[in-house]
Amino acid sequence: MKKAKGILASLLAFATVISFSACSKGGGGTTSKATGTSSAGGSSTSHMIGVSMPTQSLQRWNQDGSNMEKQLEAKGYTVELQYANNDVNTQVQQIENMITKGCKVLVIAAIDGSSLTDALDTAKKNDCKVIAYDRLIMKTPNVDYYASFDNYKVGTMQGQYLETKLGLKDGKGPFNIEIFGGDPGDNNAKYFYNGAMDVLNPYIKSGKLVVQSGQTDFAKVAITNWTSATAQNRMDNLITSKYTGNTKLDAVLSPNDSLAIGIVASLKSNGFGTDSKPYPVLTGQDCDIADVKAIIAGQQSMSIFKDTRLLAAKVVSMVDAMEQGSTPETNNTTDYNNGNKVVPTELLSPVYVDKSNYEDILVKSNYYTADQLK
Ligand code: BGC
């Protein structure tokens, strides 16, 4: 019975994701529901909480948004949830609207971490507290807390996965690898890149990893807005310029799943996936359904699971603490300097997923049903 309920919950969550995606076409999505003052064990306040998410075009943000909304409403808060179509001006306007509507706490996953200084000045003037969600908000004193997964560790785990699968520690090689990076406006992207490159760079220096394109600098490999099609195009260009004839592509570092799925599309269309031209070892992050399916099909090697239910629960507990006038718990008060101050941070632990453990980690935890991954 418990299991059946879990499956039902997952199906409902998935249906929510689908319905959010469906309404993304018309522009920045908005939901705002008053839930009254009844509380399921939390505060009995009816303050409005603003939740500003970057885009509905990526699966994870739909899950983050709907988890935040569900969990805040269960505590009796009214929620103003908006998605900004990856457009910085839209996000600024949405945040200003939330402040005008009277939100007392803003939870923001920034599109561009450095573009919210003025909006957060307005928040401050209106006694509105701010939690940076998943991505740190830069260059402002007006961000109170930050909650995320350990982003440097995500990169480290991707680098270590490549290291292990290629057998680099055992002295194997040389192998050909290409490097991809995330959106330069997203503060997380550099953490992912640095975490992975700190593992890979010694092998590049020793010649055990060879980047045939020569493109290793973050600025050269970064993919604006984390767009799949841009990653696909870049992979197409790399393959046609460097990996024709007998030059094998052994590995690709991709910081997340939206890039990895574009890279898989390129590999497929360039004839990879045969005995003579196997798929390279390819990393990812987020465990998007399409990418987990690609992992099961042997086209992508791994992803990083960041359980958005846990991040939402952590942020909701921070909101609750602030609303009750106490100090939210954090576990890192030294490392996340936003260029103006060190922001008290709670870091959760990422987990790697590949073909060998996806059922245990994603299905048994009711994050996905087995059917969703078919
Ligand atoms: C998040 C990743 C996500 C990426 C693209 C990053 O800030 O941490 O989980 O894949 O943005 O949306």
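Please refer to the structure higher up on the page.
Residues numbered from 1 in each chain as written. Predicted model: local features only at pLDDT ≥ 70, side-chain atom pairs only at ≥ 80, totals over all residues. Heavy atoms only, no water.

**Student:** Tell me what's going on with the overall build of the protein chain, and back it up with residues and numbers.
**Tutor:** When you go through the protein chain residue by residue, the secondary structure sums to 12 helices and 13 strands. The buried share among the 374 residues of the protein chain stands at 53%. For the protein chain, the proportion of contacts with a sequence separation of at least 24, taken over those separated by at least 6, is 73%. With the model as given, the accessible surface of the protein chain reaches about 15500 Å², and the carbon-plus-sulfur share is 50%. (Helix = DSSP H or I, 4+ residues; strand = E, 2+ residues; numbered from the N terminus. Buried < 20%, exposed > 50% of the residue type's maximum accessible area, 1.4 Å probe, protein only. Contact = heavy atoms within 4.5 Å. Areas by Shrake-Rupley, 256 points an atom, 1.4 Å probe, with all protein chains shown as cover.)

**Student:** Go over the site of the ligand, please, and point to the residues and values.
**Tutor:** Around the ligand lies a shell of 13 residues, among which Arg60, Asp134, Arg135, Asp186 and Asp286 are the nearest. Here Arg135 contributes a side-chain N or O atom positioned 2.7 Å from an oxygen atom of the ligand. Considered on its own, the ligand offers 310 Å² of accessible surface; in the complex 99% of this is hidden by protein. Among the detected pockets, the ligand sits in the largest cavity. Counting residues per element, the ones that place at least two in the shell around the ligand are helix H2 (59-74) and helix H6 (187-206). Residue classes in the shell around the ligand are distributed as four nonpolar, three polar and six charged. Taken domain by domain, the makeup of the shell around the ligand includes at least three residues from each of domain 1 (2-143 + 307-349) and domain 2 (151-305). (Near = heavy atom within 4 Å. Polar contact = N/O pair within 3.5 Å; in protein donor to acceptor, adjacent residues only side chain to side chain. 1 Å grid on protein atoms, 1.4 Å probe; cavity = no way out; pocket = protein on both sides within 12 Å on 5 of 7 lines; lining within 4 Å. Sits in = over half its atoms within 2 Å of the grid points. Nonpolar A, V, L, I, M, F, W, Y, C, P; charged D, E, K, R; others polar. Domains from an automatic or database assignment.)

**Student:** Please set out the pairing of strand S3 (residues 78-83) residue by residue, giving values where relevant.
**Tutor:** Of all six residues in S3, six are buried, a share of seventy percent or more. Considered for its hand, the β-α-β crossover made up of strand S2 (residues 48-53), H2 and S3 is right-handed. (Right-handed = clockwise from strand over helix to strand, strands pointing away.)

**Student:** If you had to explain the environment of Asn86 to someone new, which residues and values would you point to?
**Tutor:** Tracing the sequence through the fold places Asn86 in the loop between S3 and helix H3 (88-101). Accessibility expressed as a relative area gives 23% for Asn86, which makes it partly exposed. The spacing of Asn86 and Met53 is 33 residues in sequence and 8.8 Å in space, taken between C-alpha atoms. Sequence-distant contacts of Asn86, defined by excluding residues within four places in its chain, comprise Pro54, Thr55, Ile111 and Asn225.

**Student:** How would you sum up the sheet that holds strand S7 (residues 175-179)? Please name residues and give values.
**Tutor:** Read from one edge of the open sheet, four strands run S8-S7-S9-S10, paired in parallel fashion. Looking at strand neighbours, the two that pair on one side only are strand S8 (209-210) and strand S10 (281-282), the edges of this open sheet. In this structure, S7 lies alongside S8, joined through two bridges in parallel fashion. Following the sheet pairing, Asn176 is matched in S8 by Val210. (Pairing = 2+ DSSP bridges.)

**Student:** Residues and numbers for unusual backbone geometry, please.
**Tutor:** Note that the residue after Gly173, namely Pro174, is joined by a cis bond; omega there is 5°. Looking at the element boundaries, Pro174 is found in the loop between helix H5 (151-166) and S7. Look at Trp226: it is not a glycine, yet its phi comes out positive at around 60°. Taking the relative accessible area as the measure of exposure, Trp226 reaches 8% and is therefore buried. At Asn366, a position not held by glycine, the phi torsion is positive, near 65°. Mapped onto the fold, Asn366 is located in the segment after helix H12 (358-363).

**Student:** Please give an account of the nonpolar core that cites residues and values.
**Tutor:** Counting 43 residues, the largest nonpolar core has Ile177, Ile179, Phe180, Leu200, Leu209, Met235 and Ile263 as the members making the most contacts within it. Looking at this core, the element that brings in the most residues is H6, giving seven residues. Counting residues in each nonpolar core, the second largest holds 27 residues, with Leu81, Phe149, Ala312 and Leu348 among its members. (Core = buried A, V, L, I, M, F, W, Y, C linked by side-chain atoms within 4.5 Å.)

**Student:** Break down the side chain of Arg234 for me, with residues and values.
**Tutor:** Considering the arrangement of structural elements, one finds Arg234 in helix H8 (residues 228-242). Comment: no salt bridge for buried Arg234; closest opposite-charge side chain is Glu178, at 4.5 Å. Within the structure, the side chain of Arg234 is placed 2.8 Å from the side chain of Gln215, a separation counted as a polar contact. (Lys, Arg positive; Asp, Glu negative; His and termini not counted. Salt bridge = Lys/Arg side-chain N within 4 Å of Asp/Glu carboxyl O.)

**Student:** So, the packing of H8 against helix H9 (residues 257-269): which residues are in play, and what are the values?
**Tutor:** Interhelical geometry of H8 versus H9 gives an angle of 40° and a closest axis separation of 7 Å. Compared by their axis directions, H8 and H9 come out oblique. Relative to H9, the crossing made by H8 is right-handed. Seen from H8, the contacting residues are Ser228, Ala231, Gln232, Met235, Asp236 and Ile239; seen from H9, they are Ser258, Leu259, Ile261, Gly262, Ile263, Ala265, Ser266, Leu267 and Ser269. Counted by class, the contact of H8 with H9 contains eight nonpolar, six polar and one charged residues. (Axes fitted to C-alpha atoms, helices over the stretch in contact; angles between N-to-C directions. Parallel < 35°, antiparallel > 145°, perpendicular 65-115°, else oblique. Left-handed = near helix turned anticlockwise from the far one by under 90°.)

**Student:** Describe in detail the packing of aromatic side chains, supporting the description with residues and values.
**Tutor:** Summed over the entire model, instances satisfying the criterion amount to seven aromatic pairs. Feature note: the residues Tyr146, Tyr191 and Tyr336 constitute an aromatic cluster, connected by ring pairs. Residue placement shows Arg60 over the ring face of Trp61; its charged tip is 4.1 Å from the ring centre. The side chain of Arg234 reaches across the aromatic face of Phe180, ending 4.5 Å from its centre. (Phe/Tyr/Trp six-rings, centres within 6.5 Å; stacked < 30°, edge-to-face > 60°. Lys NZ or Arg CZ within 6 Å of the ring centre and 35° of its normal.)

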